Amino acid sequence: MSLPDFGFYVLCATAVVLLAAQAVIHPTEFVQVFIFGLTQGSIYALVALGYTMVYGIIELINFAHGDVFTLGAYVGSGILGFFAISESGFTTVNLIALLLVFPAVMLIMGGINVAIERVAYRPLRNAPRLAPLITAIGMSFFLEGVMFLWRGPATVHFPDILPKTATTIAGVFFGFKDIFVVVVAAILVALLAVFINRTKLGKAMRATAQDRDAAQLMGIDINRTIAATFFIGALLAGAGGMIWGLYYNTVYYQLGFRSGLIAFTAAVFGGIGNIPGAAVGGLVIGLIAAFSDSYIGSKWTQVVVFGILIGVLVFRPTGLLGMRVPEK
Amino acid sequence: MSAPRRAAASRSFLSRLSLRERIRDRDQAVYGILIIAAIVFPLATIYATDGTALVSQATRAGYFVLLAIGLNVVVGFAGLLDLGYAAFFAIGAYTYALLASPQLASSPAHHAVHLPFWLMLFVAMFVAAGAGAILGFPTLRLRGDYLAIVTLGFGEIVPQLFYNFDQWTGGINAVGIIDQPVLPAWIQGPWSGDGPIQVVRNFNFGGDPVAFYVLICILIAAAVILVSNLYRSRLGRAWMAIREDEVAAAAMGINTVTTKLLAFGIGASFSGFAGAYYAADVSLVSPDNFLFIVSITVLVMVVLGGMGNISGVIIGALVLYYVVFSLLPSLPGAVESLANSIGLGSLNVRTTEWPGLGGETQRLTFIIYGAILVAMMLLRPQGLLPSRIREQELKHAAVQEEEAAVEMEHAT
Amino acid sequence: MSQQPAPVDNILELTDLTKRFGGLVAVDNVSLHIKRGEVFALIGPNGAGKTTLFNNVTGLYQPTSGRVVFDGRDITGSKPHQVARRGIARTFQNIRLFDYMTCLDNVRVGRHVRMKAKVWDSLLKLPRERREEERVTEEAMEFLRFVGIAKHANQYARNLAYGQQRRLEIARALATEPKLLLLDEPAAGFTPQEKVELMQLVKKILTRGVTVFLIEHDMKVVMGISERIVVLDHGEKIAEGPPDEVRKDVRVIEAYLGKSA
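Everything quoted here is computed from the prediction, not taken from an experiment.

Asker: Looking at this structure, I do not really get the packing of aromatic side chains. What am I missing?
Answerer: When we look at a pair of aromatic rings, we describe it by the centre distance and by the angle of the planes. Taken as a whole, this structure holds 47 aromatic pairs over all chains when the rule is applied. Taking the centre distance of 5.5 Å and the plane angle of 40 degrees together, the rings of Phe-88 of chain B and Phe-154 of chain B count as tilted. You can see Phe-88 of chain B sitting in helix α3 (residues 86–99) and its partner Phe-154 of chain B sitting in helix α5 (residues 144–164), a full 66 residues away along the chain. By relative accessible area, Phe-88 of chain B is classed as buried at 1%. Above the face of the Phe-92 of chain C ring, Arg-96 of chain C is positioned so that its terminal group lies 5.6 Å from the ring centre. The cationic tip of Arg-172 of chain C hangs over the ring face of Phe-98 of chain C; the distance from NZ or CZ to the ring centre is 4.6 Å.

Written out as structure tokens, the structure is:
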């Protein structure tokens, strides 16, 4: 066992022991924090998938992705305004609005992301590697600007249309919302897995990520495949934005910046380019952030999350799952 | 037979060297213009505006020029993507701020420290370089993009640490009343008040923006000379070799880890240096001055200017500084006065529904900035003034012409 | 330095060298020795482990087991740059030049290990650094002349013709002043004329006191310049000896014919 491996295991073991101690001493609090981390992590997972898919296929850190996620929440709250929804209880209108708006937002975000790819990234496919990175940053500012222009600098209210049902089991509070978030995220990730592994387009995406030139020789339309990757990544980000809005009922235009960085960390955590890794990474980062918030203090969470990021890269350069290394 | 041939060969070598010189001439022209501009700018603006506000602005632009020159060593020369460069800027600034202000008196140390600026300039440089080495040592083995992510994480952690250790740094309250540089003698004139041109003894920089401006120009000139020297040296070639092909570079006997570490450390030292100077000039240092946006802005300056090319990077820094810190903030006011002058002043009135034309423009600035970045990259993916290296496609034709000329010479 | 009396006869000795990748044995228990001043060839069908063996010698890979002794010194497990410093230089099967650097700079990078300038010398352009730079530029031009591409000195490596790129790679390797030069398929993709020129170049290299260890597919080239040959198949050494003997070896014929049949 090499020294980095040893350091990695020691760190992991220490963290597990400390958490286990908390679990034994204050079990209800621990479970409560765990549930919160899981819901937050589900959202990070959805966003992280977009980062990892785009990185896997064109090796671009898509800085605009976090803003696509936020824009999803903005668009969702905008469209929901057209419905006669009730925020005090769960009505039939709420259900219909939810069933209509949720997929609509996903599709709109998909369309927007494809347009972004077409305008800002595709023309630079053979340019120096940093050029698309700069346009990604530019698109990030652009999207933030659009949200700022649309709704102003203040936080924006997102209609609270989910049932407020909740129950307490052994002192632990379960809300309908918590379950909603985790279940919807799980369904979406499962659908993605089926898509990637079973469909022709999914296989084309995997092939392109492995070796773009070879994929092209095999008759795969590279531009279409990359556009599809952006589309699917944005579907998930749009869903993430909707879920965020439904859960927290508040968004602001710079939300995508910080949560985007954290979601990106999650993608790296799972081994960037690795799709199941991003889902697991999202959950793990969500849990770490939640535990850090309540056991260390929220002002340290950023240090903890990014400190772990650096640690993982130093000790486990291929990510936690370490399955697929994107070779140059 | 062989003697004239040899002579022709060496002549052809020389003639191609002169081609190389000619390409370098562009850099010299840029430097010439920059030097003239640096001298004319303060004179002209002080004369025209009867104030030194614009000179202070130019000094602020100067930090970004220094930062861009430093980041260019890391990104442009060695090809290492650093997304947390502002962290070293912060480290430099806090190193000076804490050791040359009353701040530590209210910390657990209970003693204010006031070390001289000129010493601290170098201390800050070494502290930042040390931080770069500590971060770089375990991480420089990583592939390019992982390094970018590590630096991004580092850039997020450092300001947060300065924020969190508020007992020492004052946290969000910032460190203020930072000492100003002192020189034994300095020339003052009408630009620094009403007085005539005179030599001032024990001159304190405080309140004289021109002095800060002159100093930053000197620092930039020194930085350009030092970095250009490195570029055309054993180390500079080793950096480029690593950027081009790390395996081949190692096979040539280059220790890739220490060479990359040097790029990282030298880049960080520039940032630390600029940070200390920034702290002295602004006299107020808060964690908010060193967020991700600063790292990104400097990176955009480097890429926009033309990676690897020092003069291009300076131009990139100046252009982007102007756009971000002068043009965009002035837009709302400009639009308002335009509306007033063409009789649409009513649009400027703010209501609860309408933030006024100026307010609306201000909301637009994000969009404009984003669009400018995208458009600039689409139009000039190689940057405004690409380095000779990246421009070679164009130059190639010229070289071939020379070649043909040499062949002709051989034939006759 | 070629006039110096040789301390040991064998410049390179590999003892029971094995390299495994997971379950795959790429180099299987290979022992061989290369005498000072000879041209030694490594041949074998595609995938026989030839380049892997090179990579184990040059430190790109760490051998799973076995020893690499260079010039009487054990260099097993050394890093690539340490190996280069000791005096082993190489070229690559798929040319790896510094594309966006001039030919002159490519060769000057080769001089890196033989230069002394430290960061401070370069930063301040001290006179000794200046002198060294001038000297190295001259030396680099000399290496370019040696391989015959001096007139392209200021062109970017990527703009050279294929054959010139191979030559530049050799010039860059020679610039490190190696005692042993490893050439990985130097004649690949060459015209017959270029192959003849390459063989002349290799002979010229020998006169500088450099030992040449090459991988090559072209039998004419191999038979024409090498004094001894080792044949690798599936990572194993199946034959060793002078060209004439190896050519008649049954296992060698089988390895090649069996492959193509």
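Asker: For this particular structure, what's the right way to read the domain arrangement of chain C?
Answerer: All names here are of chain C. Per the domain assignment, the segments of chain C are domain 1 (33–87 + 178–261) and domain 2 (100–177). Computed from C-alpha atoms alone, the centre-to-centre distance between domain 1 and domain 2 is 26 Å. Residue-level contacts link 21 residues of domain 1 with 14 residues of domain 2. Viewed at the interface, domain 2 and domain 1 are joined by one salt bridge. Residue Arg-167 pairs with Glu-197 through a salt bridge whose shortest N-O separation is 3.3 Å. Viewed at the interface, domain 2 and domain 1 are joined by four residue pairs in polar contact (both at pLDDT 80 or more). For the side of domain 1 that touches domain 2, the secondary-structure elements that each account for two or more residues are α2 (80–86), β7 (180–184) and α7 (192–207). Of the residues in the side of domain 1 that touches domain 2, the class split is eleven nonpolar, two polar and eight charged.

Asker: Any chance you could explain the interface of chain B and chain A here in plain terms?
Answerer: Size of an interface, as often reported, equals the accessible area lost when the parts are brought together. Taken together, the contact pairs 45 residues of chain B with 49 residues of chain A. Both faces combined, the contact of chain B with chain A buries some 4200 Å², and carbon together with sulfur accounts for 78% of it. At the surface where chain B touches chain A, the tally comes to one salt bridge. Note that Glu-156 of chain B is salt-bridged to Arg-258 of chain A, the shortest N-O span being 2.7 Å. At the junction of chain B with chain A, the criterion picks out four residue pairs in polar contact (both at pLDDT 80 or more). Within the residue set of the side of chain B that touches chain A, elements represented by two or more residues are α4 (117–139), α5, α11 (292–305) and α13 (356–379) of chain B. At 13 residues, the largest contribution of residues to the side of chain B that touches chain A is made by α13 of chain B. Residue composition of the side of chain B that touches chain A, by class: 31 nonpolar, seven polar and seven charged.

Asker: Got a minute to help me understand the sheet that holds strand β4 (residues 65–70) of chain C in this structure?
Answerer: Within a sheet, neighbouring strands are paired by backbone hydrogen bonds and run either parallel or antiparallel to one another. Residue and element names in this part refer to chain C. Taken together, the four strands give an open sheet; going across it, the order is β2-β1-β4-β5, and neighbouring strands pair in antiparallel fashion. Two strands lie at the open edges of the sheet, namely β2 (24–35) and β5 (73–74), each paired on one side alone. Bridge count for strand β1 (residues 10–21) against β4 is five bridges, and the pairing is antiparallel. Bridging from a neighbouring strand, Thr-18 pairs with Ser-65 of β4. Its contacts with the sheet place helix α1 (residues 50–57) against β1, β2 and β4, and it is angled at close to 115 degrees to β1.

Asker: How should I be thinking about the confidence of the model for chain A in this particular structure?
Answerer: Any residue range with low pLDDT should be treated as having predicted coordinates unsuitable for detailed reading. The predicted model of chain A averages 88 in pLDDT, with 95% of residues at 70 or higher. pLDDT under 50 marks residues 323–328 of chain A. Its contacts with residues more than four places away, or in other chains, come to 16 contacts.

Asker: Hey, could you run me through the side chain of Thr-256 of chain B in this one?
Answerer: Residues and elements named next belong to chain B. For Thr-256, the location among the structural elements is in helix α10 (residues 256–282). On the basis of relative accessibility, which here comes to 12%, the residue Thr-256 falls in the buried class. If we ignore the near neighbours within four places in the chain, the residues touching Thr-256 are Ile-242, Glu-246 and Ala-250.

Asker: Help me understand the interface of chain B and chain C, please; the structure alone is not making it clear to me.
Answerer: In this complex, chain B contributes 38 residues to the contact, which on the side of chain C involves 42 residues. On inspection of chain B and its partner chain C, the count reaches two salt bridges. Measuring nitrogen to oxygen at the nearest pair gives 3.1 Å for the salt bridge that ties Arg-237 of chain B to Glu-133 of chain C. At the junction of chain B with chain C, the criterion picks out nine residue pairs in polar contact (both at pLDDT 80 or more).

Asker: In this structure, what is going on with the sheet that holds strand β8 (residues 211–215) of chain C? I would like to understand it.
Answerer: Residues and elements named next belong to chain C. With respect to topology, six strands assemble into an open sheet ordered β6-β7-β8-β3-β9-β10, the strand pairing being mixed. The open sheet has two free edges, formed respectively by β6 (88–90) and β10 (236–241), since each of these has just one partner strand. Within the sheet, the average angular offset between the axes of one strand and its neighbour, ignoring direction, is 20 degrees. Examined bridge by bridge, β7 and β8 share five bridges and lie parallel to one another. Looking at the pairing, Leu-180 lines up with Thr-211 of β8. Docked against the sheet, α7 engages β3 (39–43), β7 and β8, running at close to 150 degrees with respect to β8.

Asker: Which parts of the structure should I look at to understand the confidence of the model for chain C?
Answerer: On average, residues of chain C score 90 in pLDDT, and 95% of them reach the 70 mark or higher. Reported confidences for the modelled complex are a pTM of 0.87 and an ipTM of 0.91.

Asker: Looking at this structure, I do not really get empty space enclosed by the protein. What am I missing?
Answerer: Empty space among the atoms becomes visible once a probe the size of a water molecule is rolled across them. In total, this model carries six cavities of 30 Å³ or more according to the counting rule given. Lining the largest cavity are 15 residues; nearest its centre among them are Phe-63, Ser-140, Phe-257 and Leu-261 of chain A together with Phe-292 of chain B. For the lining of the largest cavity, the elements supplying multiple residues, two or more each, are α5 (130–151) and α10 (255–269) of chain A together with α11 of chain B. Broken down by element, the lining of the largest cavity gets its largest block of residues, five residues, from α10 of chain A. Partitioned by chemical class, the residues of the lining of the largest cavity number eleven nonpolar, three polar and one charged.

Asker: Help me out: how do you make sense of a nonpolar patch on the surface in this one?
Answerer: Residues Ile-35, Ile-36, Ile-39, Val-40 and Leu-43 of chain B make up a contiguous nonpolar surface patch of about 510 Å² in total accessible area. Residue Leu-43 of chain B is classed as exposed on the basis of its relative accessible area, which comes to 57%.

Asker: Please clarify how helix α2 (residues 53–77) of chain B should be interpreted in this entry.
Answerer: Since the α-helix advances by 3.6 residues per turn, residues separated by three or four positions end up pointing in the same direction. Residues and elements named next belong to chain B. Across its 25 residues, α2 extends 35 Å between first and last C-alpha, which sits within 8% of the 36 Å expected from 1.5 Å per residue. The principal kink in α2, of about 35 degrees, is found at Leu-71. Phi turns positive, to about 75 degrees, at Gly-79, one or two residues after α2.

Asker: Just to check I follow, could you spell out the side chain of Arg-228 of chain C for this structure?
Answerer: Residue and element names in this part refer to chain C. Tracing the chain through its elements places Arg-228 in strand β9 (residues 228–233). Accessibility expressed as a relative area gives 11% for Arg-228, which makes it buried. A polar contact of 2.9 Å, which involves the side chain of Arg-228, links it to the side chain of Glu-38. Aside from chain neighbours lying at most four places away, what touches Arg-228 is His-33, Ile-34, Lys-35, Glu-38, Val-39, Phe-40, Ala-41, Glu-240, Gly-241 and Pro-242.

Asker: So what exactly am I meant to see when it comes to the arrangement of the chains here?
Answerer: The protein chains that touch form two pairs of chains, and the pair with the most contacts between them is chains A and B. Taking C-alpha atoms as the reference, chain A and chain C come no closer than 13 Å and do not contact one another.

Parameters at a glance
- Residues numbered from 1 in each chain as written.
- Chains lettered and ligands numbered in written order.
- Predicted model: local features only at pLDDT ≥ 70, side-chain atom pairs only at ≥ 80, totals over all residues.
- Heavy atoms only, no water.
- Phe/Tyr/Trp six-rings, centres within 6.5 Å; stacked < 30°, edge-to-face > 60°.
- Helix = DSSP H or I, 4+ residues; strand = E, 2+ residues; numbered from the N terminus.
- Buried < 20%, exposed > 50% of the residue type's maximum accessible area, 1.4 Å probe, protein only.
- Lys NZ or Arg CZ within 6 Å of the ring centre and 35° of its normal.
- Domains from an automatic or database assignment.
- Contact = heavy atoms within 4.5 Å.
- Salt bridge = Lys/Arg side-chain N within 4 Å of Asp/Glu carboxyl O.
- Polar contact = N/O pair within 3.5 Å; in protein donor to acceptor, adjacent residues only side chain to side chain.
- Nonpolar A, V, L, I, M, F, W, Y, C, P; charged D, E, K, R; others polar.
- Buried area = accessible area lost by both parts, 1.4 Å probe.
- Pairing = 2+ DSSP bridges.
- Axes fitted to C-alpha atoms, helices over the stretch in contact; angles between N-to-C directions.
- pLDDT = per-residue confidence, 0-100.
- 1 Å grid on protein atoms, 1.4 Å probe; cavity = no way out; pocket = protein on both sides within 12 Å on 5 of 7 lines; lining within 4 Å.
- Points joined across faces, edges and corners; volume = space filled by probe spheres on them.
- Patch = residues over 30% accessible without salt bridge, like charges linked within 9 Å, V, L, I, M, F, W, Y side chains within 5 Å.
- Areas by Shrake-Rupley, 256 points an atom, 1.4 Å probe, with all protein chains shown as cover.
- Expected span 1.5 Å × (residues − 1).
- Bend = angle between axes of the 7 residues up to and from the residue.

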